[in-house]
Amino acid sequence: MRMIMAILSLLTGGPLAAGEPLSANAFDAYTRGKTLYYAHQGETYGVERYLPGRKVIWSFLDGDCRQGRWYEEGGMICFVYEDRPDPQCWHFEQGPGGLIARFENDPEATTLYEARDLDEDMICYGPKIGV
C-alpha cells in the first residue's frame, strides 16, 4: 500500500491542469461494480463502492459506511448521502493512473486520486447500539 501511495505522489506531485470532465455515462461505465480507494496528498483518504443505479457506499476507512447516490449536474458528478443531503460535487477526469477528482472543480480545493480498485467488499460495521 505504501508503494502505491509513493507512486501516486510522484505521478501527481505538481498542480494539475483541468482536463475534460467525465460525463455521467463515462463515469458510470468506469466505476460501476468497483470498489475504489482514493488518496489525498499521498495518504489514503477513503473508499467508495459503486453500485448499479448510481448508488454508492462511502467510508473514510473507519468502518462507518454511508449509503448515497450520485448524479451529474453542470459537468460535475454530485453525491448525496444518507447523513448529508447537501450535494458534494466533484469534477472527475481520467488521468494516467486512474480517476482524479477535484472538489467543486476548484484547483485550490481538495483533489483526490484513485489509489486502487479492489474486487472485494468494504468493511462496514453495523449500526451503533446503546446510549
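What you see is a predicted model; the values in this text were computed from it and never measured.

Basis of the calculations
Every chain is numbered independently, its residues counted from 1 as its sequence is written. The predicted origin of the model limits local features to residues at a pLDDT of at least 70 and limits the giving and counting of side-chain atom pairs to 80 or more, whereas totals for whole chains, interfaces and linings rest on all residues. Side-chain metrics rest on all non-hydrogen atoms present in the structure, leaving aside hydrogens and water. Segments assigned H or I by DSSP are reported as helices when at least four residues long, segments assigned E as strands when at least two residues long, and all are numbered from the N terminus. Only protein chains enter the area calculation, which uses a 1.4 Å probe; residues under 20% of their type maximum are buried, those over 50% are exposed, and those in between are partly exposed. For Phe, Tyr and Trp, rings pair up if their centres lie within 6.5 Å, where Trp contributes its six-membered ring, and each pair is then called stacked (planes under 30 degrees apart), edge-to-face (over 60) or tilted (otherwise). We call a charge positioned over a ring when the NZ of a Lys or the CZ of an Arg lies within 6 Å of the ring centre and within 35 degrees of the ring normal.

Caption draft 1: Molecular detail of unusual backbone geometry. A positive phi angle, near 60°, is found at Arg54, a position not held by glycine. With respect to the helices, strands and loops of the structure, Arg54 is situated in the loop between β2 (43-51) and β3 (55-59). Given a relative accessible area of 28%, Arg54 falls into the partly exposed group. For Leu61, which is not glycine, the phi torsion reads 70° and is therefore positive. Among the structural elements, Leu61 can be located in the loop between β3 and β4 (65-73). For Leu61, a relative accessible area of 39% gives the class partly exposed.

Caption draft 2: Quick peek at the packing of aromatic side chains. Counted under the stated rule, the structure contains 10 aromatic pairs. Every member of this aromatic cluster is reached through a ring pair, and the members are Phe27, Tyr50, Trp70, Phe79, Tyr81 and Phe92. It is Lys34 that lies over the ring of Tyr30; its NZ or CZ is 3.9 Å from the centre. In this structure, Arg116 is placed above the aromatic ring of Tyr37, and the distance from its NZ or CZ to the ring centre is 4.5 Å.

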